[in-house]
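# Observations on chain architecture
So the chains spell out like this:
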Amino acid sequence: MNALSCLSWVLLFYIFCALAEKVPAPENVRGISLNMGLVLEWDPPQNTMNTLFNYTAEIKGWNMYEPVCLSSSSLSCDFTDKVSSFGTYQLRVRAELHGETSDWVQTETLSLDLITEISAPHVELKSRKGQTEVDITDPPMKKKNLRDVFGNISYLIRYWKYGETKKEELIREQNRVVLPRLEPLVKYCVEVEILYSKNKSQTSNITCLTNTPSNEVEPWLIAVVLLVSFLLVLVAVVLIFLAVWFGYRGCRIIFPDADLPEDLKKFLSQRSQSSILSAMQENTPVKEDFCELRILHKEPISSLDNQQIEGPIRIQTHKNECCIGANVKQSSEEKSKMIITTEQKPLLLE
């Protein structure tokens, strides 16, 4: 009986061990910290490519383990919300399949300030007056900021002429640095790393910029000069306008534009016409108008009563007046009275 009972116990132990080895444990378990975050990653068990496992991951701080990811199919678990910058932690994970679990696989004790990696900084170049400035921005931290965690940090700056392999190096604590000994109108390239706790951050991307000439004029100064010039021109135009306006008004006051009466206008017009006529008379020979006057006289006693005596008489008349031809007859009945008849004759010019 004793031998049989011992054999039974041995069989039960082997069965238990076989059942325990039924679910394999995850492989390559590792804790990764970037920018003060903490993530646990692992690989599926070996030779189980077609098997879908679930995983449970836990974290231990001071006392006991606390589950963070429960029965998840993901191959990673983020513990960033459960950690502090200067704490120490242990992480563990196990596989689960059909209600069975594997053994726990745990990490060593982890401290964020020792294992964390820092990503590359952001670098921007600015150039003016023959100098190029490097502006460095620290990567964002998941816990506090970079200087709060590591205290004094510095920057390793490498710069070189574009197309060349020789590089110059600078180590500065400021995040804005002016590169020395640069040639004007030459293109330079820059890359930066952050130095912290005897470690280095990831290297930034290479950034290139052409250095400006040393006699470069400030854009704001050009704008000020243009503005002042515009104001001076505007003031000059306003002064010229005011001068013309006040000059015109002064002339109008001294020499008013009065409207003359109509009678005075006619008088001045006649005087001007008479002046023109007198000037024409002085330069042109005088032409006088004459007309012929014929007087018919009848003697009362003589035998020539029935004859008419005709004699031309030349009468000078004023210019522009009508010339009149006149026939004068005297009857025997009215000896003392002379009857004159007139008819119009053409003008005679002499």
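Residues numbered from 1 in each chain as written. Predicted model: local features only at pLDDT ≥ 70, side-chain atom pairs only at ≥ 80, totals over all residues. Heavy atoms only, no water.

Per an unreviewed UniProt entry, the protein chain carries the name Tissue factor and comes from Cyprinus carpio. Its UniProt record, at the heading Sequence similarities (unreviewed entry), says of the protein chain: "Belongs to the tissue factor family." According to the UniProt record, the Function (unreviewed entry) comment for the protein chain is "Initiates blood coagulation by forming a complex with circulating factor VII or VIIa. The [TF:VIIa] complex activates factors IX or X by specific limited proteolysis. TF plays a role in normal hemostasis by initiating the cell-surface assembly and propagation of the coagulation protease cascade." (UniProt positions renumbered as here; feature names shortened; annotations may be inferred.)

### Notes on the overall build of the protein chain
Summing up its helical and strand segments, the protein chain has 5 helices and 22 strands in all. In the protein chain, the share of contacts with a sequence separation of at least 24, taken over all contacts with a separation of at least 6, comes to 55%. Split by element, the accessible area of the protein chain, about 25,100 Å² in all, is 57% carbon and sulfur. (Helix = DSSP H or I, 4+ residues; strand = E, 2+ residues; numbered from the N terminus. Contact = heavy atoms within 4.5 Å. Areas by Shrake-Rupley, 256 points an atom, 1.4 Å probe, with all protein chains shown as cover.)

### Focus: the environment of Ser-73
Within the fold, Ser-73 resides in the loop between β4 (65–72) and β5 (76–78). According to the relative accessible area criterion, Ser-73 is exposed, its value standing at 57%. Sequence spacing of Ser-73 and Glu-96 is 23 residues, and the spatial spacing of their C-alpha atoms is 9.6 Å. Setting aside its immediate chain neighbours within four residues, Ser-73 contacts Phe-53, Asn-54 and Tyr-55. (Buried < 20%, exposed > 50% of the residue type's maximum accessible area, 1.4 Å probe, protein only.)

### With respect to the sheet that holds strand β2 (residues 39–43)
The strand order β1-β2-β5 describes an open sheet built from 3 strands, whose pairing is antiparallel. The sheet is open, and its two edges are formed by β1 (27–32) and β5, each paired on a single side. Strand after strand, the sheet turns through a mean of 10° between neighbouring axes, direction not considered. Two elements, β2 and β5, share 3 bridges in a ladder whose sense is antiparallel. Within β5, the residue paired with Leu-40 across the bridge is Cys-77. (Pairing = 2+ DSSP bridges. Axes fitted to C-alpha atoms, helices over the stretch in contact; angles between N-to-C directions.)

### A few points about the sheet that holds strand β11 (residues 131–137)
The 3 strands lie next to each other as β10-β11-β14, forming an open sheet whose pairing is antiparallel. Among the strands making up the open sheet, the edge pair consists of β10 (122–128) and β14 (176–178). The mean inter-strand angle of the sheet, taken between neighbouring strand axes irrespective of direction, is 20°. Relative to β14, β11 is paired through 3 bridges, and the arrangement is antiparallel. Across the sheet, residue Glu-133 finds its bridge partner in β14, namely Val-178.

### Brief notes about the pairing of strand β6 (residues 88–97)
Counting buried positions along β6 yields 8 of 10 residues, so the element is predominantly enclosed. One ladder, built from 7 bridges, connects strand β3 (residues 54–60) with β6; its direction is antiparallel. Directly across from Glu-58, in β6, lies its bridge partner Arg-92. Note: β6 against strand β9 (residues 110–111), 2 bridges, orientation antiparallel. Bridged to Thr-88 within β9 is Ser-111. Note: β6 against strand β8 (residues 105–106), 2 bridges, orientation antiparallel. For Val-93, the partnering residue across the bridge sits in β8 and is Val-105. Pairing between β6 and strand β7 (residues 100–101): 2 bridges, direction antiparallel.

### Some words on a nonpolar patch on the surface
Taken together, the side chains of Leu-227, Phe-230, Leu-231, Leu-234, Val-235, Val-238, Leu-239, Phe-241, Leu-242, Trp-245, Phe-246 and Tyr-248 define a hydrophobic patch exposed on the protein surface, amounting to about 1,200 Å² of accessible area. Note on placement: Val-238 falls in helix α4 (residues 219–254). With a relative accessible area of 40%, Val-238 lands in the partly exposed category. (Patch = residues over 30% accessible without salt bridge, like charges linked within 9 Å, V, L, I, M, F, W, Y side chains within 5 Å. Salt bridge = Lys/Arg side-chain N within 4 Å of Asp/Glu carboxyl O.)

### Quick word on the packing of aromatic side chains
As enumerated under the stated definition, the model contains 3 aromatic pairs in all. On the basis of an interplanar angle of 40° and a centroid distance of 6.4 Å, the ring pair of Phe-53 and Tyr-55 is categorised as tilted. Both residues of the pair, Phe-53 and Tyr-55, belong to the buried class. Directly above the aromatic system of Trp-160 lies the positively charged group of Lys-167, at a separation of 4.3 Å from the ring centroid. Lying over the aromatic face of Tyr-162, Lys-187 brings its terminal NZ or CZ to 4.4 Å of the ring centre. (Phe/Tyr/Trp six-rings, centres within 6.5 Å; stacked < 30°, edge-to-face > 60°. Lys NZ or Arg CZ within 6 Å of the ring centre and 35° of its normal.)

### Some words on the pattern of salt bridges
Applying the stated criterion across every chain, the model contains 11 salt bridges. Arg-30 serves as the salt-bridge partner of Glu-41, at 3.5 Å between the closest nitrogen and oxygen. Of this pair, Glu-41 sits in strand β2 while Arg-30 sits in strand β1, and the two are 11 residues apart along the sequence. Taking the relative accessible area as the measure of exposure, Glu-41 reaches 25% and is therefore partly exposed. Taking relative accessible area as the criterion, Arg-30 reaches 27% and is therefore assigned partly exposed. Of the charged contacts, one joins Glu-191 and Arg-158 as a salt bridge, the two residues approaching to 3.5 Å between their closest N and O atoms. With Glu-191 in strand β15 (residues 187–196) and Arg-158 in strand β12 (residues 154–161), this pair connects stretches of sequence that are 33 residues apart. For the residue pair Glu-191 and Arg-158, the accessibility class agrees, reading buried in each case.

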